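# Coordinate inspection notes
Each chain is listed here by its residues.
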Amino acid sequence: MNHHPQDLAQRGSHELTTPTPIGNLAQGSMFWQPDYLQPSAWLEHLPALFWLVEAVKPSQCLTLGVHQGAAHFAVCQAVSRLRLDARCYGVQPREGLDEAAAADFQAVRDYHARHYSGVSRLMDTTPQAALSQFAKGSLDLVVVNLPPETANIASLVDLALSRLSPRGVIVLPHIERREPGARLHEAFDRLTQQHPAFAFVHGDGMGVVAVGSTPSSTLQTLLDAAEAPGSRQVLRDVFQRLGRSCADAVESQQARQRAEQLAREVETLGQAHERRAEELEALREQLSEQGRHHARELGQQEARVEMLQELRDELQAELRELHARGPASASSDREAADTRRQQAALTEQLQAVEQERDEAKASLEARFKELAQLTRMLEEQRTQAEQASQAAEQHQAELAKVRQALEEERAARQAAASQQQAAEARLAELEQQLAEARAQAQHAEEADALRERLAAAEASLQARFAELATLTEMLEESEQAREALETRVKTLENERDALPADTEPFDAPEASASETAQTTETSEQEETAGDEATPAITPPGAIYRQDPERLKQDIELLQQSEWFDAEWYLKRYPDIAEHPRFSQEPLVHYLMHGGFEGRNPGPEFDSAFYLKRYNDVRERGTNPLVHYLRYGQHEQRQVSAE
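My aim in this report is to walk through the structure given alongside it, one point at a time. (Residues numbered from 1 in each chain as written. Predicted model: local features only at pLDDT ≥ 70, side-chain atom pairs only at ≥ 80, totals over all residues. Heavy atoms only, no water.)

## Concerning the overall build of the chain
Broken down by element type, the chain carries 21 helices and 7 strands. Taken over 642 residues, the chain has a buried fraction of 36%. For the chain, the accessible surface area stands at approximately 37,500 Å², while carbon and sulfur atoms represent 48% of it. (Helix = DSSP H or I, 4+ residues; strand = E, 2+ residues; numbered from the N terminus. Buried < 20%, exposed > 50% of the residue type's maximum accessible area, 1.4 Å probe, protein only. Areas by Shrake-Rupley, 256 points an atom, 1.4 Å probe, with all protein chains shown as cover.)

## So, the nonpolar core
Judged by nonpolar contacts, the single largest core of 59 residues is most densely connected at Trp42, Trp51, Leu52 and Leu219. If you tally residues by element for this core, the top one is helix 3 (residues 46–56), at 9 residues. With sequence-adjacent residues up to four places away left out, Leu219 is seen in contact with Trp51, Leu52, Ala55, Val56, Val169, Val208 and Ala210. Tyr89, Leu161, Phe188 and Ala197 belong to the second largest nonpolar core, which has 29 residues in total. (Core = buried A, V, L, I, M, F, W, Y, C linked by side-chain atoms within 4.5 Å. Contact = heavy atoms within 4.5 Å.)

## Digging into the packing of helix 15 (residues 548–559) against helix 18 (residues 586–594)
Contact geometry of helix 15 with helix 18 gives a least axis separation of 10 Å together with a crossing angle of 120°. It follows that helix 15 is oblique to helix 18 by the angle criterion. Where helix 15 crosses over helix 18, the handedness of that crossing is right-handed. Facing helix 15, whose interface residues are Leu551, Asp554, Ile555, Leu558 and Gln559, helix 18 presents Leu587, Val588, Tyr590, Leu591 and Met592. Among the residues making up the contact of helix 15 with helix 18, the classes are represented as 8 nonpolar, 1 polar and 1 charged. (Axes fitted to C-alpha atoms, helices over the stretch in contact; angles between N-to-C directions. Parallel < 35°, antiparallel > 145°, perpendicular 65-115°, else oblique. Left-handed = near helix turned anticlockwise from the far one by under 90°. Nonpolar A, V, L, I, M, F, W, Y, C, P; charged D, E, K, R; others polar.)

## Overview of the packing of aromatic side chains
Inspection of every chain in the model, using the stated rule, returns 20 aromatic pairs. Taken together, a centroid distance of 4.8 Å and an interplanar angle of 70° make the contact between Tyr36 and Phe73 edge-to-face. Residue Tyr36 is located in the loop between helix 2 (21–25) and helix 3, and its partner Phe73 is located in helix 4 (residues 70–81); the two are separated by 37 residues in the primary sequence. The residues Tyr36 and Phe73 share a single accessibility class, namely buried. Arranged with centres 5.0 Å apart and planes meeting at 50°, the rings of Phe73 and Tyr111 form a pair that is tilted. (Phe/Tyr/Trp six-rings, centres within 6.5 Å; stacked < 30°, edge-to-face > 60°.)

## Describing the sheet that holds strand 6 (residues 197–200)
One open sheet accounts for 7 strands, arranged 3-2-1-4-5-7-6; its pairing is mixed. Since the sheet does not close on itself, it has two edges, and those belong to strand 3 (120–123) and strand 6, each with one partner. Within the sheet, the average angular offset between the axes of one strand and its neighbour, ignoring direction, is 15°. Here strand 1 (residues 60–64) pairs with strand 2 (residues 87–91) via 5 bridges, running parallel. Residue pairing across strands places Thr63 opposite Gly90, the latter belonging to strand 2. Strands strand 1, strand 2, strand 3 and strand 4 (139–144) of the sheet are contacted by helix 4, whose axis makes an angle of about 175° with strand 2. (Pairing = 2+ DSSP bridges.)

## Concerning the environment of Gln128
Here Gln128 is to be found in helix 6 (residues 127–132). By relative accessible area, Gln128 is classed as partly exposed at 29%. Separated by 28 residues in sequence, Gln128 and Leu156 have C-alpha atoms that sit 6.5 Å apart. Look past the residues within four positions of Gln128 in its chain and what remains in contact with it is Asn152, Leu156 and Leu159.

## As for unusual backbone geometry
Unlike most non-glycine residues, Arg83 shows phi in positive territory, near 55°. Looking at the secondary structure, you find Arg83 in the loop between helix 4 and strand 2. A residue is classified by how much of its surface remains accessible, and Arg83, at 77% relative accessible area, is exposed.

## Overview of the packing of helix 3 against helix 9 (residues 217–225)
Relative to each other, helix 3 and helix 9 sit at 130°, their axes nearing to 7 Å. Taken together, the axis directions place helix 3 and helix 9 in an arrangement best described as oblique. Of helix 9, the residues touching helix 3 (which contributes Trp51, Leu52, Ala55 and Val56) are Thr218, Leu219 and Leu222. The residue makeup of the contact of helix 3 with helix 9, split by class, is 6 nonpolar, 1 polar and no charged.

## Looking at the pairing of strand 6
Side chains Ala197 and Ala199 of strand 6 all project onto a buried face; the interleaved residues Phe198 and Phe200 project onto the opposite face, where all are buried too. In terms of strand pairing, strand 6 meets strand 7 (residues 206–210) through 4 bridges, oriented antiparallel. What sits directly across from Ala197, in strand 7, is Val209. In this structure, the hairpin formed by strand 6 and strand 7 is closed by a connection of 5 residues, where Gly203 is found at a positive phi of approximately 65°.

## Quick word on the pattern of salt bridges
Applying the stated criterion across every chain yields a total of 16 salt bridges. The partner of Glu635 in a salt bridge is Arg637, and the shortest N-O contact between them spans 2.6 Å. Residue classification places Glu635 among the partly exposed positions, given a relative accessible area of 44%. (Salt bridge = Lys/Arg side-chain N within 4 Å of Asp/Glu carboxyl O.)

## What to know about helix 15
Given a rise of 1.5 Å per residue, 12 residues ought to cover 16 Å, and the 17 Å separating the end C-alpha atoms of helix 15 matches this to within 8%. Of all the positions in helix 15, only Leu551, Asp554, Ile555 and Leu558 are classed as buried. The arc that holds the buried residues of helix 15, viewed along the axis, is 110°, so those residues lie on one side. (Expected span 1.5 Å × (residues − 1). Arc of directions from axis to C-beta.)

## What to know about the side chain of His589
Its place among the elements puts His589 in helix 18. Ignoring anything within four residues of it in the chain, the contact list for His589 reads Tyr569, Ile576, Phe582, Gly594, Glu597 and Arg599.

## Quick look at the environment of Tyr590
Structurally, Tyr590 can be placed in helix 18. In sequence terms Tyr590 and Tyr569 are 21 residues apart; their C-alpha atoms lie 8.9 Å from each other. Every residue in contact with Tyr590, bar those within four places of it in the chain, is listed here: Leu558, Phe564, Tyr569, Gly595, Arg599, Asn600, Pro601, Phe605, Ser607, Asn623, Pro624 and Leu625.

## Details of the pairing of strand 2
Among the 5 residues in strand 2, 4 count as buried, and that is most of the element. Taken together, strand 1, helix 4 and strand 2 form a β-α-β motif whose crossover is right-handed. Sheet topology note: the strand 2/strand 3 ladder contains 4 bridges and is parallel. Looking at strand 3, one finds that Gly90 is bridged to Leu122. Crossover strand 2 to strand 3 through helix 5 (residues 99–115) is right-handed. (Right-handed = clockwise from strand over helix to strand, strands pointing away.)

## Some words on helix 7 (residues 153–163)
An α-helical turn contains 3.6 residues, so any two residues separated by three or four positions project in the same direction. Along helix 7, the residues classified as buried are Ile153, Leu156, Val157, Ala160, Leu161 and Arg163. Looking straight down helix 7, one finds its buried side chains confined to an arc of 160°; they lie on one side. In this structure, the buried side of helix 7 is in contact with helix 6, strand 4, strand 5 (164–173) and helix 8 (184–192).

Next up, the structure:
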């Protein structure tokens, strides 16, 4: 099927003007994952920040506040990955930070020194002092990373505006935080009254304000989309989903760290449980051995106590016996002294035995107390072991839950990876479409030139059609004159044959121009007179010779249809392909001659069948395919014998 150059140009123009916000704004940076993953309110806006750096391509950037690091490191990552010739500056005064904030900022400084010291520099000063160090119009991108309740935010923003270049952009976070004391949304609302802006409303919100007078074309497309509610919402949804993936990555990282910590704690508890079990078993063995030893000692002590008791009883009996014998047998002083000495020795021995018995009893009681204490310790150890076992079981259960959550997160990340691959494939497709659209835009001038050439060709074609019509009329007149002459010759021959045999033969005189004209006029009169009996049949192609505008309309009609195949036509009819004129204009040949000669415009349409089947078409001298396209298809006429 043929395509008119003007139609192609119009179609390309239509495709260029069709609103496709994602197709025009899609950049590979919006699908990046941040290298620095730490909890931050910026996480859900990092894809938009990546995209903004690629759109603006700044030469000098400034981040006011890097205590969390996420925003500044995202700018640094984009500058490094895009290989931009740019310098980044981050501002954060260490004065006034509490101990925890100072420790976090030190971790940020360490990460900065390891990864971005080549493209970035941290400034230990206040935001006002930092902005004063830059010349007016020297900053292309200012990212405000300050708390929403910052008191002097209005003056800071005004100072930043004075430092931004003609393509400068300022980014404000927390624009959806509108609780009492929050001021960043007020600064953003004030800027939007003076400059074009785009607001991302997911999370705490992020506002992008194009302060400069000449923003980049990509950024201008984003700002234009902000004026169309449908496009604006589509962009917000896309960046919200991309930002959610960054937040999910941090949550996944935290879950993995928690799982690793729980695994370490479970391992530590398991090791401690094993040590406690070993200590408990050793203590049980020790207590058992001590119990057996104490039992032996207890038996020995009880036997000793019984023996001492018996000895005491014997000594007391002897002492009583001596006292009883004393007065009766004390015949002399010497015997009395011996008796007293014996009594004293027995009393001393009895006291020693009683003392030893008391000590044995005390030792026995101490042993009982020690055994009771060891028993209590054993019970406490058993209780602690049971508690440790329960804690280990709880940690195991929590670890199982975390592992299950990690599995679900892994599955979700795989699904997200699949979606990202699909998005990247779609991005590649959109980039290809964008390249094609840009190519069409580059050829727009060529299309205009083609249209001009086409108009000139159409004018030339009309002139040629007029000339062709004149020549055709002259040819028809010549043919009519020839036919009249032949008729005159035949009449003369018949008259000659009708003459008597003795008449001298004579040669037919040549017809003069007047006779030719008279014959032509007579033929026309006879033809006119014959119309009363037989309908006139319009000669093939005569309608176009009489009305060149009709030929132009029918050319456009066949160009828009699927029935005429120029390549097939030239291949099917080699004589047309070799013709100096019609090989370049096969459609004109089919309209003027081919259709009436029974030539087919394509494999699906039978011109000879159509003319033979429908006499009204043949009698009017209308091209068969033209008649079918204008009337026949609506009348459900056949196009071939099949």
